[in-house]
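# Analysis of the macromolecular model
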Amino acid sequence: MSLYDEVKSFPALMLELGEANPDLFVVSQDLGKVGPFAENFPDRAIDVGITEQNLIGVAAGLAARGKLPFVYAMAPFITMRAFEQVRTDVAYNEKNVKIMAVLGGLAGGPWGSTHHAIEDIALMRTIPGMTVLAPADLHETERAIRAAAEHPGPVYIRMGGFAPVHETDYEFRIGRAVMLREGSDATIVATGTMVQPALEAHDRLKARGVQARVLDMHTIKPLDAAAVREAAEETGRIATAEEHSVIGGLGTAVAEVLAEAGVGRLARVGVQDTFCTEVASYPELLAIHGLTAEGIEGAVLSLLDAGSS
Amino acid sequence: MISDSVVRRLEQQAVTIRRHVVEVAAEHPCHIGGALSAADLMTALYFHVMRIDPADTGRRDRDYFILSKGHGVLALYAALAERGFFPVEALKTFEQTGSILAAHPTLHVPGVEIATGSLGHGLPVGMGMAIACRVEGVPNRVFVMMGDGEMQEGSVWEAALSAPRFELDNLVAIVDQNRFQAFDAVERIVPVEPLADKWRSFRWSVIEINGHDMRQVVEALERPPEAGRPTAIIAQTVKGKGVSCLENSPRAHYTRLTPEEGTEALQALGVES
């Protein structure tokens, strides 16, 4: 029996959490009912319609009364259109609101840049008190949601990693990276959907005789700075991989750690400060923008060519 | 029917609230006009209508108040201090380094439920509180005070549109319609009228009052809600009410009173110089 035989579907998980906690609400925006949760707890399944600013305010108000609202919304709209509400109503007001966002990164594919979120992690990361999670697969998503429910304070969860990444059981702790592959020549620090290609990159590099460590950085804030420093000290070269702009996200967070520690050499794999305007399927869009195993492999090789500090 | 003596007591209390506001404005520039326009509404809420307990600000059976027009904060601070949430002397520290009293409400101030300042945030948050109370089946009410300039914020109308869907008859939106925004009359910048018609068309139960007539104010705030509908009270007010040099002047939004103006205003409010 693998980890994935036990993974709960998202609706089943919300039902379980809702059964366990009578204060848990799901607040959404015309995104379909969260199935059994809404059927069992119609009063606690709040659909405010297409009103993102209102949605976050409502969630903050529920939390002000001691409720535990889980917002279920689309990443580009909830993080950008309602940014000030997240920052002011939730974070500044110290409200215990969890935001579960689908359609992170380029998952919107041919729907276009309006439906892509390559800025969400950067935006959420700037907010004081906000925890930012990007789980790598369905199993980790379940763990992230469970951890968020227990964590006091606002949490942003970018959902979206589907391909199985974790092979064996492990401890999921907010702020603690998971080493998926050991290696001494370089380290790939990946988050969310890019963890799976990072593992593929590891295999491709191994075939070339390069031993690349792989860290699943499921928490972008608070970043596991110790794991980053250790990787820099032990492997010298760091490649970050994220389905996000190279500005402001994981690559930037890692760069901050490396620069302040004065260690390591960095390459960032991500969207290169551009809108992804090509009409293409999700996988093709990822390929066009180098968000692939090959892209990560190339970044590590370029670091090796450039030597190490 | 509210008694004459209660009305008189509240009117006197409102004078005290205005005195505190004027005393601060005589010391340094502040958002005086919108505090004075809201003073009677605030007095009725804090000294008669709302179930609150200064000794236990977190009690579960309390009513909620959100000052969505956060810049009107001096009226709120004065009401909270007079009501015993914190010492009246603290009002003198307004905006000073180390004070708990910032120019917009914060969670540091006892009795403040939600920090505000950016317009258009209060009604959605109040809606969330009202949903929580309704699901609990408790009678707590939620009051959200907004300005008429604030009606230009889109998020107000997101909440106005969605609140009736949840049958929140425990939610009361109060519009302090003093007819001025920061730099000019609302009518000259972007008109928001017909305001009452707008709220009615959004399926709210609407009450129109003179926001300086204490009997009307109390009766509106205490009127049993229309079943299943949130209530919008559109209160006609005067920006700078009680300080003649400011009334209905764009200057009332944010200013400092000159020493002569301060003395005159306090005398008008019954303070001996």
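Scoring rules and cut-offs
- Residues numbered from 1 in each chain as written.
- Chains lettered and ligands numbered in written order.
- Predicted model: local features only at pLDDT ≥ 70, side-chain atom pairs only at ≥ 80, totals over all residues.
- Helix = DSSP H or I, 4+ residues; strand = E, 2+ residues; numbered from the N terminus.
- Rg over C-alpha atoms; globule rule 2.2 N^0.38 Å.
- Buried ≥ 20, exposed ≤ 12 C-beta atoms within 10 Å, placed from the backbone.
- Expected span 1.5 Å × (residues − 1).
- Domains from an automatic or database assignment.
- Contact = placed C-beta atoms within 7 Å.
- Nonpolar A, V, L, I, M, F, W, Y, C, P; charged D, E, K, R; others polar.
- Core = buried A, V, L, I, M, F, W, Y, C linked by C-beta atoms within 7 Å.

## Looking at the overall build of chain A
Of the regular secondary structure elements, chain A holds 12 helices and 12 strands. The C-alpha radius of gyration computed for chain A amounts to 19 Å, which stays within 12% of the reference 19 Å derived for 309 residues, consistent with globular compactness. Reported as C-alpha extents along the three principal axes, the dimensions of chain A are approximately 60 × 40 × 35 Å. Here chain A holds 309 residues, and 57% of them are scored as buried.

## A short note on helix H4 (residues 122–136) of chain B
Residue and element names in this part refer to chain B. Given a rise of 1.5 Å per residue, 15 residues ought to cover 21 Å, and the 21 Å separating the end C-alpha atoms of H4 matches this to within 8%. Of all 15 residues making up H4, 12 are buried, and the element is well covered by its neighbours. All of the buried residues along H4 are Gly122, Leu123, Pro124, Val125, Gly126, Met127, Gly128, Met129, Ala130, Ile131, Ala132 and Cys133. Backbone geometry just after H4 places Gly137 at a positive phi near 75 degrees.

## Observations concerning the domain arrangement of chain A
All names here are of chain A. Under the domain assignment, chain A is made up of domain 1 (3–158) and domain 2 (178–305). Spacing between the C-alpha centres of domain 1 and domain 2 amounts to 26 Å. Counting from both sides, the interface comprises 23 residues of domain 1 and, opposite them, 28 residues of domain 2. Counting only elements with at least two residues in the side of domain 1 that touches domain 2, the list comes to helix H6 (120–125), strand E5 (131–133) and helix H7 (138–150). Taken together, the residues of the side of domain 1 that touches domain 2 sort by class into 13 nonpolar, 6 polar and 4 charged.

## Examining the nonpolar core
Counting residues in hydrophobic clusters, the biggest one holds 191 residues, and the most contacted among them are A:Val71, A:Ile157, A:Ile188, A:Ala239, B:Val21, B:Ala75 and B:Ile174. Top contributing element to this core by residue count: helix H2 (residues 33–49) of chain B, with 11 residues. Counting residues domain by domain, this core receives three or more from each of domain 1 (3–158) and domain 2 (178–305) of chain A. Among residues more than four places away in sequence, those in contact with A:Val71 are A:Val27, A:Leu55, A:Ile56, A:Ala59, A:Ile78, A:Val97, A:Lys98, A:Ile99 and A:Met100.

## Focus: unusual backbone geometry
Of note, the bond from A:Lys221 into A:Pro222 is cis; its omega dihedral lies within 30 degrees of zero at -5 degrees. One can find A:Pro222 in the loop between strand E10 (219–221) and helix H9 (225–235). Here the residue pair B:Glu193 and B:Pro194 is connected by a cis peptide bond, since its omega of 0 degrees sits within 30 degrees of zero. Within the fold, B:Pro194 resides in the loop between helix H6 (186–189) and helix H7 (195–201).

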